[in-house]
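If you want the building blocks of each chain, they are given just below.
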Amino acid sequence: MRKAFQDELAQVGDELVEISKLVATAIQNATQAFETADVDLAQDVIAADARIDFLQNALDEKAIDILALQGPVASDLRMIVSSLRMSASLERMGDLARHIAQLTRLRYPAPVIPESLRDTFRSFAELDIQIANKVAELLETHDLNVARQIVRLNLEVDELHAGVFKAVAAADWSGNASTSVDVALASRYFERFADHGVSVARKVSYLVNGEWQPEEIGGA
């Protein structure tokens, strides 16, 4: 019985990794579509999000069954509860990649972002892709050095996000109302994607050391 229980726990972990890899693909494709106004690729991202949602629901059902039928305690209980929370963050990351793709589709054939901010959003994309890949690595390895890297990357994303809002509020901003809304929304999507990556990092840290540190990961 114990062996079967451990196998079920391992399967939950494997499914988290699978979802995280789909999320990494989603943000990579979404940002490429966003930068190049590739509506076909954007549509692929939107359609693929259903797979992330399906896997998240299946994982949550499995975790709830384990809670109900196995009565896990201590570290096993911590792992199941953390998995439920991490799956929710991963699903939200998939949604945010989809939102970026939807903005691309909405404005096609024009680009969403004006020329003056394209370098900023290119940096956003590079950072979010790094975070997504590191989340997948972290879920496979539980290496807290990777968790700390995610936190540092998120700080860079936060700086970009603040810079976008300063640009839009500046006296020399020339974008119309529609462009201003698009820029603000896109910046928020990129910023929240990174935040959810940090949320996963904190849950993994909790699994590793058993201590909840909402503002800190392993002394980072």
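Treat the numbers as computed from the prediction; the structure is a model and nothing was measured.

Another aspect to go through is the overall build of the protein chain. The secondary structure content of the protein chain amounts to six helices and zero strands. Tracing the protein chain from N to C terminus, the helices and strands come up as α-α-α-α-α-α. Taken over C-alpha atoms, the radius of gyration comes to 19 Å for the protein chain, in line with the 17 Å a tight globule of 220 residues would show. Within the protein chain, buried positions represent 47% of all 220 residues. Restricting the contact set of the protein chain to residue pairs at least 6 apart, pairs at least 24 apart contribute 80%. On the protein chain, roughly 10,600 Å² of surface is accessible, and the fraction owed to carbon and sulfur atoms is 51%. In the protein chain, which carries 21 positive and 34 negative side-chain charges, the distance between the mean positions of the two groups comes to 3 Å.

Before going further, it helps to examine helix H5 (residues 144-169). Taking 1.5 Å per residue as the helical rise, H5 with its 26 residues ought to reach 38 Å, and the 38 Å between its terminal C-alpha atoms agrees with that figure. For H5, every residue scored as buried is listed here: Leu-144, Val-146, Ala-147, Arg-148, Ile-150, Val-151, Leu-153, Asn-154, Val-157, Leu-160, His-161 and Val-164. Buried residues belonging to H5 abut helix H4 (118-141) and helix H6 (177-209).

Bringing the environment of Met-93 into the picture now. Mapped onto the secondary structure, Met-93 falls in helix H3 (residues 74-107). Sequence separation between Met-93 and Phe-190 is 97 residues, and the spatial gap between their C-alpha atoms is 9.4 Å. Those residues in contact with Met-93, other than ones at most four positions away along the chain, are Val-23, Phe-193, His-196 and Gly-197.

Take the packing of aromatic side chains next. Tallied over the entire structure, the rule returns five aromatic pairs. Geometrically, the ring pair formed by Phe-121 and Phe-124 is tilted, given 5.1 Å between the ring centres and 55° between the ring planes. Residue Phe-121 and its partner Phe-124 are both found in helix H4; the two are separated by three residues, about one turn of the helix. Residue Phe-124 is classed as buried on the basis of its relative accessible area of 0%. Pairing Phe-124 with Phe-190 gives two aromatic rings, centres 5.2 Å apart and planes at 10°, and the pair type is stacked. Remark: Phe-190 occurs in helix H6 and Phe-124 occurs in helix H4; sequence separation between them is 66 residues. For the pair Phe-124 and Phe-190, one class covers both residues: buried. Aromatic rings pair up to connect Phe-34, Phe-121, Phe-124 and Phe-190 into one cluster. Above the ring of Tyr-206, the side-chain terminus of Arg-78 is found at 5.6 Å from the ring centroid.

Cut-offs and rules
Residues numbered from 1 in each chain as written. Predicted model: local features only at pLDDT ≥ 70, side-chain atom pairs only at ≥ 80, totals over all residues. Heavy atoms only, no water. Helix = DSSP H or I, 4+ residues; strand = E, 2+ residues; numbered from the N terminus. Rg over C-alpha atoms; globule rule 2.2 N^0.38 Å. Buried < 20%, exposed > 50% of the residue type's maximum accessible area, 1.4 Å probe, protein only. Contact = heavy atoms within 4.5 Å. Areas by Shrake-Rupley, 256 points an atom, 1.4 Å probe, with all protein chains shown as cover. Lys, Arg positive; Asp, Glu negative; His and termini not counted. Charge placed at Lys NZ, Arg CZ, Asp CG, Glu CD. Expected span 1.5 Å × (residues − 1). Phe/Tyr/Trp six-rings, centres within 6.5 Å; stacked < 30°, edge-to-face > 60°. Lys NZ or Arg CZ within 6 Å of the ring centre and 35° of its normal.

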